[in-house]
Amino acid sequence: MKSSFKHKSSKAEALFVKLTTGCAIIIIALMAGFFLQLLWHSLPALKAFGVQFLFSAAWDPVRDLYGAAGAVYGTLVTTLIALCIAVPLSFIIALFLVELAPPWLATVMGHALDLLAAIPSIIYGMWGLFILIPIMQNYVQPFIGSTLHLKCLPFFSGEPSGSGYLTGGLILALMILPFICAVMRDVFKMVPRVVKEAAYGIGCTTTEVSFKITLRYGLQGMLGAVFLGLGRAVGETMALLYVIGNAPEVSKSLFAPGTTIAATLANNFAEADGLFKSSLFELGLILLIITFLIQVAAQLWLNRVREKSGGGL
Amino acid sequence: MLKVKSLLTAVAATAAGLAAFTADALTINGAGASFPAPVYKVWTYNYQKATSTVINYQSVGSGAGIAQIKAGTVNFGASDSPLKSEDLEKAGLIQFPMLMGGVVPVVNVSGIKNNQLKLSGEVLADIFLGKIKNWNDPQIAALNTGVALPDQAITVVHRSDGSGTSWIFTDYMSKASKSWQEGPGRGTAVKWPVGVGGQKNPGVALNVKKMKGAIGYVEYTYAVEAKLTMVQLQNKDGQFVAPTQESFQSAGANADWKNAPGLYMELNNQPGANSWPITGVTYILIHKEQKDAEIAKEMLNYFAWCYKSGAASARKMDYVPMPDNVISLVQNLWLQIKNK
């Protein structure tokens, strides 16, 4: 039956296979195209600065000297701050939604979470500029620096200007929080009831069930959520542009203005030419490679966790 | 039913009317500087009303404007930093000035009112170099006897994007201060020694407004619109002047246009007791050899209209139109334009 069906429509079938393969190839072609295009346009910068480009924080358009260190450093620092804030917070919120909240509250909050994820990044940026920067400058940064006397630490030194790595990281944390949280919530929901009920049955508390059952069962899915947030944070442009301070430097202080790769590109493309433009393309290439490495690392890690824990989600 | 029918007829009639309207209307495309963009928007709107010619102006930035006219994707380009005559020759372009305008330092210092604070070029450059860090610095106090200066840290705000406004501002500081010239120098984007970057004119204005102790620079219109605190600057003649339409005009009046090859002119730090020291000229760039005679003719008509009928609206928006002697120089230059 099956074979005769196949035989009859073999032409249509072949066409279908070709069509789907063709469409799938577009993805690979696009990816390779992006990579080659970026590589081609960054050749002048690669020739002029070589490997030094990665480690130099120079950024002087008047003398045509460029380096990626400031932008790469800013990207990594803001992403790290964002993850440090967003991951534990998402975990707690997701646990509350799945384990503790009454169903009606969980539904309302769940919808709010999905809505938060849908807010365009430019809105976060404007909010950061209008609301968060004055709060940071007038309250948070003076509190950390002067009231807590942490000024002597290099991370919190310098005058509070409102913008900078810390403010950028905070905005990023808010932006990736709904994504991480939504995925974690779904992961926790998929933990089989039977396992949890068994744990309660032998006298476990909610805390014990959360950390010993839900957390371990959903570890793989949670890592996936973290990498999703990480991927979004690394490439975020518009929100950071308004709060990071846009200074291509490497500063120890989290209060100091910095920049990220994406923000540098957005700021400078319109007016750039020659070696300046080529350096921007090389920055784009670096961003693409970072994103690629994150993907590979995520995949490897997931494989390892899967082997170790066996099964799971 | 009848209603629907009459509605449809009306829509069809309007569509036909629009089609007829756009059929004989020429479209001219321009792109470039954002510094004069507010005026260009008003001009294109009024010109379209008067003649039905459509002028599209994209305010994408001076650098992009130059790149696009060189590539031939637009009919005219606009730039705040003039091209040198050899560059013009190489690209087959001519350039002429369209408007003049002032760039003003704006501050947010506790207790300081509009046009109260006095600064000199050297002090301004030292602030932007990060050498002067506090508003009660003796160098600032020396220029402001009798003004109560607060003990407040200075936060410098500059443009984060490449910009013609930055070119005008850094060109001024290079002329006024040796250490700025040898340090960051002048350009649409430079290596700013200190400070945070704001997006375009509105971004800088907002940052200055929100950050206590901030100093930045914006095109004059933006400072007026955002009600920012401006400062007086010491000009080449040693006088302190406030930014006004008259002080911009005075800077333009003293310039020697006749002896400027390719009409290349830098209006910063011009002589004259009333001259505002940070004044810029914004330029139009067109190809010497025009592909389409009709468009070329209409484009020159438009620019002639801008000089003549656009002056009033430019003045209303605090820009300075070109004086008559410069306009006649420009119109002589237009005689060089040929059709292919």
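Residues numbered from 1 in each chain as written. Chains lettered and ligands numbered in written order. Predicted model: local features only at pLDDT ≥ 70, side-chain atom pairs only at ≥ 80, totals over all residues. Heavy atoms only, no water.

(A) Quick peek at the overall build of chain A. Looking only at helices and strands, chain A has 13 helices and 2 strands in total. Here the C-alpha coordinates of chain A stretch approximately 75 × 65 × 35 Å along the principal axes. Taking all 313 residues of chain A together, 43% fall into the buried category. When contacts within chain A are restricted to residue pairs at least 6 apart in sequence, long-range pairs at least 24 apart make up 77% of them. For chain A, the accessible surface area stands at approximately 16600 Å², while carbon and sulfur atoms represent 73% of it. A distance of 13 Å separates the average location of the 20 positive side-chain charges in chain A from that of its 15 negative side-chain charges. (Helix = DSSP H or I, 4+ residues; strand = E, 2+ residues; numbered from the N terminus. Buried < 20%, exposed > 50% of the residue type's maximum accessible area, 1.4 Å probe, protein only. Contact = heavy atoms within 4.5 Å. Areas by Shrake-Rupley, 256 points an atom, 1.4 Å probe, with all protein chains shown as cover. Lys, Arg positive; Asp, Glu negative; His and termini not counted. Charge placed at Lys NZ, Arg CZ, Asp CG, Glu CD.)

(B) Structural detail: the pattern of salt bridges. Using the criterion set out here, one finds 14 salt bridges over all chains in the structure. Here A:Asp114 and A:Arg185 are joined by a salt bridge, their closest N and O atoms 3.7 Å apart. Residue A:Asp114 is found in helix α5 (residues 103–117), and its partner A:Arg185 is found in helix α7 (residues 165–189); the two are separated by 71 residues along the sequence. Note that B:Glu266 is salt-bridged to B:Lys175, the shortest N-O span being 2.7 Å. Residue B:Glu266 is located in the loop between α11 (245–253) and β12 (279–287), and its partner B:Lys175 is located in helix α7 (residues 164–176); the two are separated by 91 residues in the primary sequence. Under the relative-accessibility criterion, B:Glu266 is labelled buried at 19%. Residue classification places B:Lys175 among the partly exposed residues on the basis of a relative accessible area of 37%. In the salt-bridge network here, residues are joined through shared partners; they are B:Asp171, B:Lys175, B:Arg186 and B:Glu266. (Salt bridge = Lys/Arg side-chain N within 4 Å of Asp/Glu carboxyl O.)

(C) Region of interest: the interface of chain B and chain A. Counting from both sides, the interface comprises 34 residues of chain B and, opposite them, 26 residues of chain A. Carbon and sulfur atoms make up 51% of the area that chain B and chain A hide from each other, which totals about 2100 Å². Of all residues in chain B, B:Lys191, B:Gln199 and B:Lys210 bury the most surface against chain A, accounting for 24% of the area lost on that side. Our count for the contact surface shared by chain B and chain A stands at 0 salt bridges. At the boundary of chain B with chain A, the tally comes to 7 residue pairs in polar contact (both at pLDDT 80 or more). The set of elements that each furnish at least two residues to the side of chain B that touches chain A consists of α3 (62–71), β6 (155–159), α8 (178–182), β7 (196–198) and α9 (200–210) of chain B. By residue class, the composition of the side of chain B that touches chain A is 11 nonpolar, 17 polar and 6 charged. (Buried area = accessible area lost by both parts, 1.4 Å probe. Polar contact = N/O pair within 3.5 Å; in protein donor to acceptor, adjacent residues only side chain to side chain. Nonpolar A, V, L, I, M, F, W, Y, C, P; charged D, E, K, R; others polar.)

(D) The sheet that holds strand β11 (residues 240–241) of chain B, seen in detail. Residues and elements named next belong to chain B. The 3 strands are arranged β5-β10-β11 in an open sheet whose pairing can be described as mixed. Taken across any chain shown, the strands that pair with only one partner, and hence form the sheet edges, are β5 (118–119) and β11. Of the strand pairs in this sheet, β5 and strand β10 (residues 232–234) are connected by 2 bridges, and their pairing is parallel. Pairing of Leu-119 across the sheet is with Leu-233, part of β10. (Pairing = 2+ DSSP bridges.)

(E) The nonpolar core, seen in detail. If you look at the biggest cluster of nonpolar residues, it comprises 166 residues, and the most contacted ones within it are B:Phe96 and B:Phe303. Top contributing element to this core by residue count: α7(A), with 14 residues. Inspection of this core shows a minimum of three residues originating in each of domain 1 (4–100 + 282–339) and domain 2 (103–254) of chain B. What B:Phe303 contacts, discounting residues up to four positions off in sequence, is B:Phe76, B:Phe96, B:Met98, B:Ile284, B:Ile286 and B:Trp334. Listed in part, the 8 residues of the second largest apolar core include B:Ile69, B:Val74, B:Leu93 and B:Leu285. (Core = buried A, V, L, I, M, F, W, Y, C linked by side-chain atoms within 4.5 Å. Domains from an automatic or database assignment.)

(F) Broad picture of the packing of aromatic side chains. All names here are of chain B. Inspection of the entire model under this criterion finds 31 aromatic pairs over all chains. Ring centres 5.1 Å apart and planes at 65 degrees place the aromatic pair Phe-128 and Phe-169 in the edge-to-face group. Here the residue Phe-128 occupies a position in helix α5 (residues 121–129), and Phe-169 occupies one in helix α7, the gap between them amounting to 41 residues. Phe-169 shares its class with Phe-128; the two are buried. A centroid spacing of 6.4 Å and a plane angle of 70 degrees characterise the contact between Phe-248 and Trp-276, whose relative ring orientation is edge-to-face. (Phe/Tyr/Trp six-rings, centres within 6.5 Å; stacked < 30°, edge-to-face > 60°.)

(G) Representation of the packing of α5(B) against α7(B). Residues and elements named next belong to chain B. Where α5 contacts α7, the two axes come as close as 9 Å, and the packing angle between them is 120 degrees. As for the relative orientation of α5 and α7, their crossing is left-handed in sense. Within the contact between the two elements, α5 uses Gly-121, Glu-122, Leu-124, Ala-125 and Phe-128 and α7 uses Phe-169, Tyr-172, Met-173 and Ala-176. Residue composition of the contact of α5 with α7, by class: 7 nonpolar, 1 polar and 1 charged. (Axes fitted to C-alpha atoms, helices over the stretch in contact; angles between N-to-C directions. Left-handed = near helix turned anticlockwise from the far one by under 90°.)

(H) Molecular detail of the side chain of A:Ser42. With respect to the helices and strands, the residue A:Ser42 is situated in helix α2 (residues 10–49). When neighbours within four sequence positions are excluded, A:Ser42 is seen to be in contact with A:Ser278, A:Phe281, A:Glu282 and A:Leu285.

(I) Main features of the pairing of strand β3 (residues 76–79) of chain B. Residue and element names in this part refer to chain B. Burial along β3 is two-sided: Phe-76 and Ala-78 and Gly-77 and Ser-79, pointing in opposite directions, are all buried. In this structure, strand β1 (residues 27–32) lies alongside β3, joined through 3 bridges in parallel fashion. Within β3, the residue paired with Gly-30 across the bridge is Phe-76. Looking at chain direction, β3 and β12 are connected through 3 bridges and run antiparallel. The residue bridging Ala-78 from the neighbouring strand is Ile-284, located in β12.

(J) Layout of a nonpolar patch on the surface. Residue and element names in this part refer to chain A. A cluster of nonpolar side chains, namely Ile-122, Ile-123, Met-126, Trp-127, Phe-130, Ile-131, Ile-135, Tyr-139 and Leu-174, defines an oily patch on the protein surface of about 790 Å² accessible area. In terms of residue count, the dominant contributor to the nonpolar patch is helix α6 (residues 121–147) (8 residues). Among the structural elements, Ile-131 can be located in helix α6. For Ile-131, a relative accessible area of 38% translates into the label partly exposed. (Patch = residues over 30% accessible without salt bridge, like charges linked within 9 Å, V, L, I, M, F, W, Y side chains within 5 Å.)

(K) Quick peek at the domain arrangement of chain B. Residues and elements named next belong to chain B. Along its sequence, chain B is carved into domain 1 (4–100 + 282–339) and domain 2 (103–254). Placing the centre of domain 1 and that of domain 2 at their C-alpha centroids yields a distance of 32 Å. Opposite the 14 residues of domain 1 that make contact, domain 2 presents 17 residues. Per-residue buried area on domain 1 facing domain 2 is highest for Phe-35, Asp-318 and Val-320; these three make up 40% of the total on that side. Counting every contact that joins domain 1 to domain 2 gives 0 salt bridges. Where domain 1 touches domain 2, the interface holds 3 residue pairs in polar contact (both at pLDDT 80 or more). Classifying every residue of the side of domain 1 that touches domain 2 gives 7 nonpolar, 3 polar and 4 charged.

(L) Spotlight on α5(B). Most of α5(B) is tucked away: 8 of the 9 residues are buried. Looking at α5(B), one finds that the buried residues are B:Gly121, B:Val123, B:Leu124, B:Ala125, B:Asp126, B:Ile127, B:Phe128 and B:Leu129.

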